[in-house]
Amino acid sequence: MGGGTEGNEQLTSIVGAILLILLAVIGVTIVRIGQLISVHLFVGLLLIGPVALKLASTGYRFARYYADDQDYRRKGPPETPMRVIAPIVVLSTVIVFVSGVVLLFLGPSDRGQMVQIHKLSFIVWVAFTS
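So, here is what we can say about the structure in this document. Because the structure is predicted, anything quoted here is derived from the model rather than measured.

## Some remarks on the packing of aromatic side chains
Scanning all chains against the criterion turns up 4 aromatic pairs. Considering the side-chain rings of F62 and Y66, the 4.9 Å spacing of their centres and the 55° angle between planes classify their relative orientation as tilted. Of this pair, F62 and Y66 both sit in helix α2 (residues 33–66), 4 residues apart, which is roughly one turn of that helix. With relative accessibility at 55%, the residue F62 sits in the exposed group. Here the aromatic rings of Y65 and Y66 are separated by 4.8 Å at their centres, their planes lie at 85°, and the arrangement is edge-to-face. A residue is classified by how much of its surface remains accessible, and Y65, at 12% relative accessible area, is buried. An aromatic cluster of three or more residues is present, and its members are F62, Y65 and Y66. Here the guanidinium or amino end of R73 rests over the ring plane of Y65, the centre of that ring lying 4.3 Å away.

## Re the packing of helix α4 (residues 80–106) against helix α5 (residues 113–129)
As a packed pair, α4 and α5 sit with axes 8 Å apart at the nearest point and diverge in direction by 150°. Considered as vectors, α4 and α5 are oriented roughly antiparallel to each other. The handedness of the crossing between α4 and α5 comes out as left-handed. In this structure, α4 uses I85, I88, V89, S92, T93, I95, V96, S99, G100, V102, L103 and L106 to contact α5, whose residues at the interface are M114, V115, I117, H118, S121, F122, V124, W125, F128 and T129. Of the residues in the contact of α4 with α5, the class split is 15 nonpolar, 7 polar and no charged.

## Thoughts on a nonpolar patch on the surface
Side chains of I33, I37, L41, L45, I48, L104 and F105 sit close together on the surface and give an oily, nonpolar patch of about 600 Å² of accessible area. If one sorts the elements of the nonpolar patch by residue count, α2 sits on top with 5 residues. With respect to the helices, strands and loops of the structure, I33 is situated in helix α2. Residue I33 is classed as partly exposed on the basis of its relative accessible area of 35%.

## A short note on helix α1 (residues 4–31)
For an α-helix, the turn length of 3.6 residues means that residues three or four places apart are oriented alike. In this model, α1 (28 residues) spans 40 Å end to end at C-alpha, consistent with the 40 Å of a helix rising 1.5 Å per residue. Here α1 has its buried residues at T5, G7, N8, T12, V15, G16, L19, L22, I26 and T29. Check the buried side of α1 and you find it contacts α2 and α3 (70–75).

Cut-offs and rules
Residues numbered from 1 in each chain as written. Predicted model: local features only at pLDDT ≥ 70, side-chain atom pairs only at ≥ 80, totals over all residues. Heavy atoms only, no water. Phe/Tyr/Trp six-rings, centres within 6.5 Å; stacked < 30°, edge-to-face > 60°. Helix = DSSP H or I, 4+ residues; strand = E, 2+ residues; numbered from the N terminus. Buried < 20%, exposed > 50% of the residue type's maximum accessible area, 1.4 Å probe, protein only. Lys NZ or Arg CZ within 6 Å of the ring centre and 35° of its normal. Axes fitted to C-alpha atoms, helices over the stretch in contact; angles between N-to-C directions. Parallel < 35°, antiparallel > 145°, perpendicular 65-115°, else oblique. Left-handed = near helix turned anticlockwise from the far one by under 90°. Contact = heavy atoms within 4.5 Å. Nonpolar A, V, L, I, M, F, W, Y, C, P; charged D, E, K, R; others polar. Patch = residues over 30% accessible without salt bridge, like charges linked within 9 Å, V, L, I, M, F, W, Y side chains within 5 Å. Areas by Shrake-Rupley, 256 points an atom, 1.4 Å probe, with all protein chains shown as cover. Salt bridge = Lys/Arg side-chain N within 4 Å of Asp/Glu carboxyl O. Expected span 1.5 Å × (residues − 1).

Don't take any of this as a statement about function, it's just geometry.
Put into structure tokens, the structure is as follows:
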């Protein structure tokens, strides 16, 4: 894989494919969260790396495009709907993962409002990524 716009596009696509697989597993665990909580926690933590890489690769493209890098300008901007919802997707993604990690450290006895934040941010994330 080379650098530049093609390398960035390849990296983003590969990470996206990995995320689809891991997110499908998370989807299954949500349906049976009581029985699959340990799998949910493990895969959730496993997702942090690929999610961070995806945010970095798309953020890099964004930065290069708006910094007037001619290679990225020739590729063109993302579709308008994607540019409009991107801040909501990024923010909800960060909230889902931060709240999930916080819940992991709080443990089952002191979850309180954090569970609701985790669930609500997940619902927002699903709505805007679908």
